[in-house]
Amino acid sequence: MNHDEAMRLALDEARAATATGDVPVGAVVLDQAGEVIGRGRNTRERDGDPFGHAEVVAMREASQHLGEWRLEGCTLVVTLEPCTMCAGALVSARIGTLVMGAWDDKAGAVGSLWDVARDRRLNHRPEVVTGVLAEESATLLREFFAAHR
């Protein structure tokens, strides 16, 4: 599965998040063969869970699928640049590649405000691919927030 195809799956997850009033962010985790082993969408509002970020939900599902916490060689595809918590989690999980859509100028931790994922002081740094279907991801977020103002 290529990056665009995987991002389309993540966008489907993001759209589904809006049904529960959650911010439309979606993620998928691909194994080394390119198969989806984890899916996630924001669930903070639905579950009342501060850790209900799409990336965390998807990585938890992938870890359960593999039966371990190490996601070495896996690819995390997410519609929005991860925050500090999610960037730290993907580094800790040993994600091999991060593919992201829209930048997050207010809370992004993979280049916008900070660059946790590529910090040379950490023991693991994933490959980072940016801008995949970025406009589609950004439009989804803009439309969500415009309707909530």
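Note that the coordinates shown come from a computational prediction; the quantities given were computed from them, not determined experimentally.

Visitor: Is there a simple way to think about the sheet that holds strand β4 (residues 97-102) in this case?
Guide: In sheet architecture, strand pairing relies on hydrogen bonds along the backbone and comes in two forms, parallel and antiparallel. Taken together, five strands build an open sheet; the order of strands is β2-β1-β3-β4-β5 and the sheet is mixed. Each edge of the open sheet carries a strand with a single partner, namely β2 (36-41) and β5 (127-129). Each strand axis lies, on average, 15° off the axis of its neighbour in the sheet, ignoring direction. Strand direction decides the pairing type here: strand β1 (residues 26-30) and strand β3 (residues 75-80), joined by four bridges, are antiparallel. Across the sheet, residue Val28 finds its bridge partner in β3, namely Val77. Strand contacts of helix α1 (residues 3-17): β1, β2, β3, β4 and β5, with the helix running at about 140° to β1, the strand carrying the most contacts. On top of the sheet, helix α3 (residues 54-66) reaches β1, β2 and β3; it is set at about 150° to β2, its chief contact.

Visitor: How should I be thinking about the side chain of Thr75 in this particular structure?
Guide: Mapped onto the secondary structure, Thr75 falls in strand β3. By relative accessible area, Thr75 is classed as buried at 13%. Excluding anything up to four places from it in sequence, Thr75 contacts Val28, Val29, Leu30, Thr97 and Val99.

Visitor: Which parts of the structure should I look at to understand the environment of Asp49?
Guide: Along the chain, Asp49 turns up in the loop between α2 (44-47) and α3. Judged by its relative accessible area of 22%, Asp49 is partly exposed. Apart from residues lying up to four places away in sequence, Asp49 is in contact with Arg44 and Arg60. Here the side chain of Asp49 touches Phe51 through a polar contact of 2.8 Å, landing on its backbone nitrogen.

Visitor: What should I look at first to understand the packing of α3 against helix α4 (residues 84-92) in this one?
Guide: Each pair of packed helices can be summarised by the angle the axes make with each other and by the distance between the axes. Contact pair α3 / α4: the axes reach a minimum separation of 9 Å and the direction vectors enclose 25°. In terms of axis orientation, α3 runs roughly parallel to α4. As α3 packs across α4, the resulting crossing turns out to be left-handed. Between α3, through Glu55, Val56 and Met59, and α4, the contact on the second element is made entirely by Met85, Cys86, Ala89 and Leu90.

Visitor: Whenever I open this one, the pairing of β1 confuses me. Can you help?
Guide: A regular strand places its side chains on the two faces of the sheet in alternate fashion. Among the five residues in β1, five count as buried, and that is most of the element. Neither face of β1 is left uncovered, since the one carrying Gly26, Val28 and Leu30 and the one carrying Ala27 and Val29 both have all their residues buried. By the bridge criterion, five bridges tie β1 to β2 in an arrangement that is antiparallel. The residue of β2 that forms the bridge with Gly26 is Arg41. If you look at the hairpin formed by β1 and β2, you'll find five residues sitting between the two strands, and Gly34 has a positive phi there, around 85°.

About the criteria used
Residues numbered from 1 in each chain as written. Predicted model: local features only at pLDDT ≥ 70, side-chain atom pairs only at ≥ 80, totals over all residues. Heavy atoms only, no water. Pairing = 2+ DSSP bridges. Helix = DSSP H or I, 4+ residues; strand = E, 2+ residues; numbered from the N terminus. Axes fitted to C-alpha atoms, helices over the stretch in contact; angles between N-to-C directions. Contact = heavy atoms within 4.5 Å. Buried < 20%, exposed > 50% of the residue type's maximum accessible area, 1.4 Å probe, protein only. Polar contact = N/O pair within 3.5 Å; in protein donor to acceptor, adjacent residues only side chain to side chain. Parallel < 35°, antiparallel > 145°, perpendicular 65-115°, else oblique. Left-handed = near helix turned anticlockwise from the far one by under 90°.

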